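Coordinate analysis (summary)
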Amino acid sequence: MRANDPFTRGPHPVGVRTEIWQDPARDIDITVEVWYPADDSHRGQDLDPATWDLFVPDWAAALDPDEVEPVAQQAVRNAEWHRPPEPPPLVLLIHGWAGFRRESTFLGTHLASHGYVVVSPDVHGSTWNEVDAFLTAQEPEGPPAAMLEHARGIAITREKDIPFLVSTAIERLPVRPDGVGVTGASFGGFSSVIAPNLDARVAAIAPMCPANDDAAINEGSQLFQEWIDRPWKSDAAVLICAGDRDSLLPLYGQLALLRSLPASRKGLVALGRADHNHFVDDIDVGHEWMAEFVARVARLFPNGPGDWPRVARSIGPISRLVPGETAKTAWRGAITTHFDAHLRGSASAAAALTDLNGTLARAGVEATSVWENR
């Protein structure tokens, strides 16, 4: 592996802070998690369980606090910032449907250790508690139009979030004013895909299992296509990260999406034996949660949009899938390499991308990559 191996923790200790950013245009507050390179005085503290930051996941916030064990992230709460001679690149990390801002700390902390400032928002209308409330309101059976309206509202919110988050991060944080990266899973992947048509400062995107119209939520509805088809304001480099056994957003749809994007530099990497929730912190638990969640949606929307009952039947046991730690290794390494190549101009990272299959294999990851217009 080359120096500053993108598959292993980077050279910087990692700090984390939570901020509330007000958008006066929409009269809303957005809570964001910010991971960043910390001052060297914190070296080792982000890797020591005694000084890790602890938090209660959003999905557990409504439970009895005595029954919920806090979750740790490998970062130091409110650590002093590292101040390099040149400001570091900004990366947005955007959660999926029924997610929350700290669902992928494994990636946010990793990127920060490699010198990136990472901002992850709670997206209005699509956090776990909000989606749970929407589904509860559909009992005992919801009309298909309700799901489509719900999903469309989330897409509209994310469309407005991207320029606001980029501008506010540049105003408030010590980051570079251009050359922004965007990543995120599922609906966060959709946010990544549309980011270049919303903001010219976006230079590279790494959508993870991005939502598109080959999906259970909107099969045949062309819900997402109106955003995906819009012209781009920047020629952002693309690396789609997908699972080859994704029950909700199948690989054939990801390949079709790749072909449709106007980027001059674009590729896709598919992780072997990975399903839709192989992009979050606790993948084993997340996979079991997804099976229960999809079964609930299938019960509430048996008549569409999309064939949720079929998707529910297609979710296999976690024992047949790739281990969660292997998936984390894949996404940490591939996404860091992609951003190093296209946000930092690293020649060694660009070379690693040209042989991404080999690069991943040397890290113990079975995956297949394809490239267009490279």
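Residues numbered from 1 in each chain as written. Predicted model: local features only at pLDDT ≥ 70, side-chain atom pairs only at ≥ 80, totals over all residues. Heavy atoms only, no water.

1. Some thoughts on the layout of surface pockets
We apply this condition: Points on a 1 Å grid over protein atoms alone make up a cavity when a 1.4 Å probe fits among them but cannot get out, and a pocket when they form an open set with protein on both sides within 12 Å along at least five of seven lines; lining residues each have an atom within 4 Å of a point. Grid points are joined across faces, edges and corners, and a volume is the space filled by probe spheres set on the points. Comment: elements are numbered from the N terminus, with helices defined as DSSP H or I runs of at least four residues and strands as E runs of at least two. All amino acids are sorted into three groups, where Ala, Val, Leu, Ile, Met, Phe, Trp, Tyr, Cys and Pro are nonpolar, Asp, Glu, Lys and Arg are charged, and the leftover types, Gly among them, are polar.
Size it by volume and the largest pocket reaches roughly 810 Å³. Taken together, 36 residues make up the lining of the largest pocket; nearest its centre are Glu103, Asn277, Val280, Gly286 and Trp289. Among the elements that line the lining of the largest pocket, the one with the most residues is helix 7 (residues 283-300), at 6 residues. Its residues assigned to classes, the lining of the largest pocket shows 26 nonpolar, 6 polar and 4 charged. Size it by volume and the second largest pocket reaches roughly 220 Å³. Arg9, Gln74, Phe106, Thr109 and Arg332 are the residues nearest the centre of the second largest pocket, which is lined by 16 residues in total. Elements with a contribution of two residues or more to the lining of the second largest pocket: strand 4 (71-73), helix 1 (105-113) and helix 9 (324-343). Among the residues forming the lining of the second largest pocket, the class breakdown is 3 nonpolar, 7 polar and 6 charged.

2. Focus on the side chain of serine 113
Applicable threshold: Polar contact criterion, stated in full: a pair of N or O atoms within 3.5 Å, where within protein one must be able to donate a hydrogen and the other to accept it, and residues adjacent in sequence count only if both atoms are side-chain atoms. Residue contacts are defined here by distance: any two heavy atoms, one from each residue, within 4.5 Å place the two residues in contact.
Residue position: serine 113 is located in helix 1. Polar contacts involving the side chain of serine 113 include one to the main-chain carbonyl oxygen of histidine 110, which spans 2.7 Å. Serine 113 has contacts with Arg9, Gly10, Pro11, His12 and Val14, leaving out every residue within four places of it along the chain.

3. Structural notes on the environment of cysteine 241
By the element assignment, cysteine 241 lies in strand 10 (residues 237-243). Taking the C-alpha atoms as reference points, cysteine 241 and alanine 185, 56 residues apart in sequence, are found 8.8 Å from one another. Beyond its immediate sequence surroundings of up to four residues, cysteine 241 is in contact with Pro207, Met208, Cys209, Pro210, Val269, Phe279, Trp331 and Ile335.

4. Let's talk about the pairing of strand 10
Regular strands place their side chains on alternate faces of the sheet. As a reminder of what qualifies: We call a residue buried when its accessible area falls under 20% of the maximum for its residue type, exposed when it is over 50%, and partly exposed in between, using a 1.4 Å probe and counting protein chains only. A pair of strands is labelled paired if DSSP reports no fewer than 2 bridges between them. A clockwise path from the first strand over the helix to the second, with the strands pointing away from the viewer, defines a right-handed crossover.
By the criterion of burial, strand 10 is predominantly enclosed, with 7 of the 7 residues buried. Burial along strand 10 is two-sided: the face carrying Ala237, Leu239, Cys241 and Gly243 and the face carrying Val238, Ile240 and Ala242 are both buried. Strand direction decides the pairing type here: strand 10 and strand 11 (residues 266-271), joined by 6 bridges, are parallel. Within strand 11, the residue paired with leucine 239 across the bridge is glycine 267. In this view, the connection linking strand 10 to its parallel neighbour strand 11 by way of helix 6 (residues 251-260) has right-handed handedness.

5. Some remarks on the packing of aromatic side chains
What counts here: For Phe, Tyr and Trp, where Trp contributes only its six-membered ring, two rings pair if their centres lie within 6.5 Å, and the inter-plane angle classes them as stacked under 30 degrees, edge-to-face over 60, or tilted in between.
Scanning all chains against the criterion turns up 13 aromatic pairs. Ring geometry for phenylalanine 134 against phenylalanine 301: centres 6.4 Å apart, planes inclined by 15°, an arrangement best described as stacked. Taken together, the residues span a long stretch of sequence, with phenylalanine 134 in helix 2 (residues 128-137) and phenylalanine 301 in the loop between helix 7 and helix 8 (308-314) at a distance of 167 residues. Pair check on accessibility: phenylalanine 134 and phenylalanine 301 agree, each one buried.

6. Some details on the sheet that holds strand 6 (residues 90-94)
Rules: Fitting a line to C-alpha atoms yields each axis, with helices limited to the stretch in contact; the angle taken between N-to-C directions then spans 0 to 180 degrees.
Read across the sheet, 10 strands follow the order 5-1-2-7-6-8-9-10-11-12 without closing on themselves; strand pairing throughout is mixed. Each of the sheet's edge strands pairs with one partner strand only, and the pair in question is strand 5 (76-77) and strand 12 (367-372). In this sheet, strand 10 lies alongside strand 9 (residues 202-208) in parallel orientation, the contact comprising 3 bridges. Considered in strand 10, the bridge of alanine 204 is made with alanine 237. Sheet contacts for helix 3 (residues 144-172): strand 1 (14-23), strand 2 (28-37), strand 6, strand 7 (117-121) and strand 8 (180-185); angle to strand 1, the most-contacted strand, approximately 120°. Of the strands in this sheet, strand 10, strand 11 and strand 12 touch helix 6, which is tilted by about 170° from strand 11.

7. Quick look at empty space enclosed by the protein
Following the criterion strictly, the structure yields 1 cavity of 30 Å³ or more and no others. As a volume, the largest cavity reaches approximately 40 Å³. Around the largest cavity, the lining residues are Leu93, Ile94, His95, Phe100, Arg101, Glu103, Ser104, Ser120, Gly184, Ala185 and Met208. Taken together, the residues that form the lining of the largest cavity break down as 5 nonpolar, 4 polar and 2 charged.

8. Some points on the pattern of salt bridges
As a reminder of what qualifies: When a carboxyl oxygen of Asp or Glu lies within 4 Å of a side-chain nitrogen of Lys or Arg, that pair is called a salt bridge.
All told, the structure shown has 23 salt bridges when counted by the stated rule. For aspartate 46, the salt bridge goes to arginine 9, with nearest N and O atoms at 2.8 Å. Here arginine 9 lies in the segment before strand 1 and aspartate 46 lies in the loop between strand 2 and strand 3 (53-55), a separation of 37 residues in the sequence. With relative accessibility at 2%, the residue aspartate 46 sits in the buried group. Among the residues examined, arginine 9 registers a relative accessible area of 24% and is labelled partly exposed.

9. Side note on the packing of helix 2 against helix 7
Think of two packed helices as two axes; the pair is described by the angle between the axes and how far apart they sit. Note the following rule: In these notes the angle categories are as follows: under 35 degrees is roughly parallel, over 145 is roughly antiparallel, 65 to 115 is roughly perpendicular, and the rest is oblique. Put simply, a crossing is left-handed when the front helix is turned counterclockwise from the back one by less than a right angle, and right-handed when it is turned clockwise.
Across the interface, helix 2 lies against helix 7 with an axial gap of 11 Å and an inter-helix angle of 30°. Taken together, the axis directions place helix 2 and helix 7 in an arrangement best described as roughly parallel. Seen from above, helix 2 lies across helix 7 with left-handed handedness. Between helix 2 and helix 7, the residues in contact are Trp128, Val131, Asp132, Leu135 and Thr136 and Trp289, Phe293, Arg296, Val297 and Leu300, respectively.

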